[in-house]
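Below, each chain spelled out in residue letters.
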Amino acid sequence: HEVRSVRPGAHVLSSPVGAKFVPGAVSGEAAVVAGQEEELVAPSEEFQATALVASRAQYDEMYKRSVENPDGFWGDIASTFFWKKRWPVKDGKVHTENIDVRNGRVAVEWFKGGQTNICYNAIDRHVEAGLGDKVAFYWEGNDLGVDASLTYKEVLEKVCQLANYLRSQGVKKGDAVAIYMPMLAELPIAMLACARIGAVHSVVFAGFSAESLYQRILDCKPNVILTSSAVKRGAKIIKLKDIVDDALSRASADGHTVGMCLTYDNSSALKREETAWTEGRDSWWQDIVPSYAKECDVEWVDAEDTLFLLYTSGSTGKPKGVLHTTGGYMVYAATTFKYAFNYHDDDVYWCTADCGWITGHSYLTYGPLLNGASMVVFEGVPNYPDAGRCWDIVDKYNVSIFYTAPTAIRSLMRSGDEPVLRHSRKSLRVLGTVGEPINPSAWKWYHEVVGDKLCPIVDTWWQTETGGFMITPQPGAWALKPGSATLPFFGVQPAVVDDNAQEQSGECSGYLCIKAAWPGMMRTLQGDHDRYETTYFAPFKGFYFSGDGCRRDKDGYYWLTGRVDDVINVSGHRIGTAEVESALVSHPQCAEAAVVGFDHEVKGQGIYAFVTLLEGVEYSNDLRKALINSVRSQIGAFAAPDVVHWAPGLPKTRSGKIMRRILRKIASNELDQVGDISTLADSSVVDQLISLRNK
Ligand code: ATP
Ligand code: MG
């Protein structure tokens with residue numbers, strides 16, 4: 001592992017100007033100029049009438065208790081789940097924490113000594129309560145007209161069969177199981193089957209290369225891998241089994257042999273006979289799993305036993321193997337889901353994320369199932385066969401809560417309003433977003449065009465490491481501001497910290513940290529507790545450091561300004577990439593923008609903007625000027641881009657996030673130092689961008 005520790009002040013010291021964060025400076029001014037803070041979008045009375053938290057006062061009261069008495073607050077919520085053995089309470093405490101490296105090792109525990117099982121709570125509990133016939137998954141295939149649905153009872157049976165199979169292969173509590181599968185209903189089922197028997201799932205997004213899969217396998221050393229022969233994603237067929245074979249042979253060469261590869265036959269994408277096969281190691285899922293019993297004893301585990309390992313998206317460097325445990329994660333995923341989406345029993349929920357990301361863990365699998373929700377599981381991509389597919393699916397299943405990422409919203413926006421408007425969308429009630437800061441203009445499009453101004457936009461800021469939402473609206477409780485994730489979730493205590501690790505008060509900008517443990521936080525990095533401490537807790541002693549910059553406005557709302565590694569320092573002004581990008585994207589012909597800094601003789605750093613235009617728009621010098629003017633007028637002359645680089649496509653991670661570290665190398669013409677591009681979704685965009693330099 002490459003150890004990356006982000007030191008406070010690192011950027012400041014390396015920058016020629018050496019400015020520090022000044023509370024309320026630059027970014028604060030910028031927002032006032034942009035007039036964003038004045039723009040309040042209040043919840044409708046109709047929505048408020050159904051809201052779980054219907055007013056700011058109600059939130060304030062609940063929030064106060066959650067931070068003053070976290071043990072009581074979370075203990076009460078945890079009591080609503082099934083525990084085989086209740087956790088011991090010592091001096092009124094259900095958790096212990098040390099997140100300050102000056103006081104010894106960082107360690108966090110919630111409900112330790114209690115015994116439960118997250119699969120039991122997500123599935124069995126509902127079946128036992130009489131909800132067995134409720135649909136758990138509406139599965140929608142990549143191709144039109146291919147679909148299926150599974151009730152809670154059917155899911156339970158499939159989970160049990162797979163869990164029995166895994167046990168028969170010798171998988172025991174604590175053993176890792178690798179999962180490299182497309183978005184079939186069998187993917188969340190596989191996660192649940194692992195959890196049922198206390199095995200640790202390690203899901204690897206089935207878009208990753210053999211190299212990435214191999215690295216992850218070496219890290220957690222599973223004896224069993226679950227995969228599928230192939231997947232059709234859009235018009236493309238990807239032979240997953242070939243990638244798995246390659247990864248497994250690399251792992252063998254490095255001394256770790258995976259003994260069993262269970263392969264789901266996806267014959268719509270690839271015929272059985274055409275699938276590469278290793279006798280003795282490989283089995284077809286459909287041939288053996290259905291022969292196992294439909295009941296399977298639950299393995300009761302300690303609240304602090306490991307539930308899963310998951311790697312971060314790798315936007316800033318080599319991915320980190322984040323480890324989550326059972327009890328606190330369960331309570332946190334379920335509670336955040338319920339409140340942030342204002343979940344009701346008759347909702348139909350759809351999250352477009354893949355289970356290969358944390359969003360697919362907390363808000364496609366565990367959060368909704370723990371609440372007994374019916375949800376859509378979609379195998380395909382949002383723009384196949386055309387840009388109307390999402391709204392097709394929304395209408396088909398009467399989706400009421402829709403959760404996606406800014407990258408998807410911007411790409412749908414690029415295709416115009418018509419594909420949206422030709423669908424009814426009348427079932428929609430709540431719209432969510434995650435993954436990157438959402439530009440106010442994309443926020444407004446989502447709100448006005450997709451949601452007909454009727455649905456609150458829930459902009460959820462969180463991370464693989466946090467397990468669940470950290471800063472998010474409680475829809476119905478307060479007015480939203482386009483582009484702001486608004487206020488902290490219950491129990492979350494954000495701190496905006498300056499270069500000297502001093503927490504600032506009131507309106508300010510700086511490093512976003514958290515000052516106390518919450519139930520869903522990761523407990524360590526797989527096999528590397530030192531790296532866990534140096535990355536997250538050493539940079540600002542006494543705090544968990546998120547790696548993101550933010551601004552807090554006069555109303556206490558939080559605005560994520562991007563990663564601190566990406567902050568640009570122009571003549572002493574610290575500028576978050578998100579704000580400049582938002583100003584560019586607000587131009588009606590700009591679809592997407594990514595901004596980085598480059599060395600500038602006079603200003604210290606200059607601003608270099610990569611810009612993707614709407615489909616069919618030609619690049620011109622006038623447009624370049626118009627884009628620069630848009631930044632000048634919304635933020636100020638100091639933030640005007642020095643260079644505008646035309647970008648038909650941007651380098652993105654496989655979860656759709658822009659990788660600015662690559663763009664920085666292109667901007668500074670250090671083309672031989674572009675570095676690791678293995679987590680890129682499409683590495684050809686790098687060459688394309690290089691060829692368009694100076695054009
Ligand atoms: P790596 O840590 O390997 O660089 P990553 O940070 O992209 O990868 P994730 O855990 O998937 O991996 O993403 C979390 C990050 O995504 C956050 O730190 C933040 O930068 C960004 N993010 C997520 N949601 C939001 C949001 N609503 N607003 C702004 N930024 C967001
Ligand atoms: Mg990260």
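The protein chain is annotated in an unreviewed UniProt entry as Acetyl-coenzyme A synthetase of Physcomitrium patens. Listed under Sequence similarities (unreviewed entry) in UniProt, the entry text for the protein chain is "Belongs to the ATP-dependent AMP-binding enzyme family." Under the UniProt heading Catalytic activity (unreviewed entry), the entry covering the protein chain gives this text: "acetate + ATP + CoA = acetyl-CoA + AMP + diphosphate".

A.B. asks: Before we move on, could you go through the site of ligand 1 and cite the residues and values that matter?
C.D. replies: Lining the immediate environment of ligand 1, one finds 21 residues, of which Ser-313, Ser-315, Thr-316, Thr-464 and Lys-657 sit closest. In isolation ligand 1 has 630 Å² of accessible area, and contact with the protein removes 94% of it. Split into classes, the residues belonging to the shell around ligand 1 amount to five nonpolar, nine polar and seven charged.

A.B. asks: Any details on helix 20 (residues 621–634)? Residues and values, ideally.
C.D. replies: In this model helix 20 runs 20 Å from its N-terminal to its C-terminal C-alpha over 14 residues, within 8% of the 20 Å that 1.5 Å per residue would give. Of all the residues in helix 20, the buried ones are Leu-623, Leu-627, Ile-628, Ser-630 and Val-631. Seen along its axis, helix 20 keeps its buried residues to an arc of 145 degrees; they face one direction. Projecting away from the buried face of helix 20 at angles above 90 degrees are the exposed residues Asp-622 and Ser-633. In the core, the buried residues of helix 20 are packed alongside helix 19 (577–585), strand 28 (590–600), strand 29 (604–613) and strand 30 (643–646).

A.B. asks: Can you break down the UniProt feature "domain: Acetyl-coenzyme A synthetase N-terminal" (unreviewed entry) in the protein chain residue by residue, with the values?
C.D. replies: Mapped onto this numbering, the UniProt entry gives "domain: Acetyl-coenzyme A synthetase N-terminal" (unreviewed entry) at residues 59–122. Helix makes up 38% of residues 59–122 and strand 16%. Its end C-alpha atoms lie 27 Å apart.

A.B. asks: Residue-level account of the UniProt feature "domain: AMP-dependent synthetase/ligase" (unreviewed entry) in the protein chain, with values.
C.D. replies: When the UniProt feature table is mapped to this numbering, "domain: AMP-dependent synthetase/ligase" (unreviewed entry) covers residues 130–523. Within residues 130–523, the helical portion is 30% and the strand portion 21%, while the C-alpha atoms at the span's ends are 35 Å from each other.

A.B. asks: Quick one: what's the story with the environment of Ser-441, residue by residue and with numbers?
C.D. replies: By the element assignment, Ser-441 lies in helix 17 (residues 440–450). A sequence separation of 48 residues divides Ser-441 from Ile-393, and the C-alpha atoms of the two residues are 24 Å apart. Apart from residues lying up to four places away in sequence, Ser-441 is in contact with Met-413, Val-585 and Ser-586.

A.B. asks: Go over the packing of aromatic side chains with me, naming the residues and quoting the values.
C.D. replies: A complete count under the given rule lists 52 aromatic pairs for this structure. Aromatic side chains Trp-110 and Phe-111 sit 5.9 Å apart centroid to centroid with 50 degrees between the ring planes, which places their arrangement in the tilted category. We note that Trp-110, like Phe-111, is buried. Between Tyr-363 and Phe-469, the ring centres sit 4.0 Å apart and the planes meet at 15 degrees, which makes this aromatic pair stacked. Taken together, the residues Tyr-363 in helix 13 (residues 358–370) and Phe-469 in the loop between strand 20 (457–459) and strand 21 (494–497) connect sequence positions 106 residues apart. Overall, the relative accessible area of 0% leaves Tyr-363 in the buried class. Within the aromatic cluster, the residues linked to one another by ring pairs are Tyr-59, Tyr-63, Phe-73, Trp-74, Tyr-332, Tyr-339, Trp-478, Phe-489 and Phe-490. Note that Arg-86 overlies the ring of Trp-87, its terminal NZ or CZ placed 4.4 Å from the centroid.

A.B. asks: Provide a residue-level description of the pairing of strand 6 (residues 176–180), including the pertinent values.
C.D. replies: Burial runs high along strand 6: five of the five residues are buried. The alternating pattern of strand 6 places Ala-176, Ala-178 and Tyr-180 and Val-177 and Ile-179 on opposite faces, both of which are buried. Sheet topology note: the strand 6/strand 7 (residues 200–203) ladder contains four bridges and is parallel. The residue of strand 7 that forms the bridge with Ala-178 is Ser-202. Tracing the backbone out of strand 6, into helix 8 (residues 186–196) and back to the parallel element strand 7 gives a crossover that is right-handed. Summarising the sheet, strand 6 and strand 8 (residues 224–228) pair through four bridges and their orientation is parallel. Of the residues in strand 8, the one forming a bridge with Ile-179 is Leu-226.

A.B. asks: Quick one: what's the story with the sheet that holds strand 24 (residues 544–552), residue by residue and with numbers?
C.D. replies: Note on sheets: strands pair through backbone hydrogen bonds, and any given pair is parallel or antiparallel. Strands sit in the order 21-22-24-25 across an open sheet of four strands; the sheet is antiparallel. The open sheet is flanked by strand 21 and strand 25 (558–563), the only strands paired with a single partner. On average, each strand axis in the sheet is tilted by 45 degrees relative to the strand beside it, whichever way the strands run.

A.B. asks: So, the sheet that holds strand 14 (residues 306–311): which residues are in play, and what are the values?
C.D. replies: Sheet architecture is open: eight strands sit in the order 12-11-8-6-7-14-15-23, paired in mixed fashion. The outermost strands of the open sheet, each flanked by one partner alone, are strand 12 (282–284) and strand 23 (524–525). One ladder, built from five bridges, connects strand 14 with strand 15 (residues 321–325); its direction is antiparallel. Among the inter-strand pairings, Leu-309 is bridged to a residue of strand 15, identified as Leu-323.

A.B. asks: For the confidence of the model for the protein chain, give the residues involved together with the corresponding values.
C.D. replies: Here the protein chain averages 92 in pLDDT, and 95% of its residues register 70 or above. Segment residues 1–36 is flagged for pLDDT under 50; beyond a separation of four residues in sequence, or across chains, it makes 77 contacts in the model. What the predictor reports for the complex is a pTM of 0.92 with an ipTM of 0.99.

A.B. asks: Residues and numbers for the nonpolar core, please.
C.D. replies: Of all hydrophobic cores here, the largest spans 154 residues; its most connected members are Trp-74, Phe-111, Phe-137, Ile-179, Leu-226 and Phe-402. Ignoring sequence-local partners within four residues, the contact set of Ile-179 consists of Leu-187, Ala-190, Met-191, Cys-194, His-201, Ser-202, Val-203, Val-204 and Leu-226.

A.B. asks: How would you sum up the packing of helix 6 (residues 118–131) against helix 13? Please name residues and give values.
C.D. replies: It is the contact of helix 6 with helix 13, at a shortest axis distance of 9 Å, that shows an interaxial angle of 50 degrees. Classified by the angle their axes make, helix 6 and helix 13 are oblique. Between helix 6 and helix 13 lies a crossing whose hand is left-handed. Between helix 6, through Ile-118, Asn-121, Ala-122, Ile-123, Arg-125 and His-126, and helix 13, the contact on the second element is made entirely by Tyr-366, Leu-369 and Leu-370. Taken together, the residues of the contact of helix 6 with helix 13 break down into six nonpolar, two polar and one charged.

Criteria and cut-off values
Residues numbered from 1 in each chain as written. Chains lettered and ligands numbered in written order. Predicted model: local features only at pLDDT ≥ 70, side-chain atom pairs only at ≥ 80, totals over all residues. Heavy atoms only, no water. UniProt positions renumbered as here; feature names shortened; annotations may be inferred. Near = heavy atom within 4 Å. Areas by Shrake-Rupley, 256 points an atom, 1.4 Å probe, with all protein chains shown as cover. Nonpolar A, V, L, I, M, F, W, Y, C, P; charged D, E, K, R; others polar. Helix = DSSP H or I, 4+ residues; strand = E, 2+ residues; numbered from the N terminus. Expected span 1.5 Å × (residues − 1). Buried < 20%, exposed > 50% of the residue type's maximum accessible area, 1.4 Å probe, protein only. Arc of directions from axis to C-beta. Contact = heavy atoms within 4.5 Å. Phe/Tyr/Trp six-rings, centres within 6.5 Å; stacked < 30°, edge-to-face > 60°. Lys NZ or Arg CZ within 6 Å of the ring centre and 35° of its normal. Pairing = 2+ DSSP bridges. Right-handed = clockwise from strand over helix to strand, strands pointing away. Axes fitted to C-alpha atoms, helices over the stretch in contact; angles between N-to-C directions. pLDDT = per-residue confidence, 0-100. Core = buried A, V, L, I, M, F, W, Y, C linked by side-chain atoms within 4.5 Å. Parallel < 35°, antiparallel > 145°, perpendicular 65-115°, else oblique. Left-handed = near helix turned anticlockwise from the far one by under 90°.

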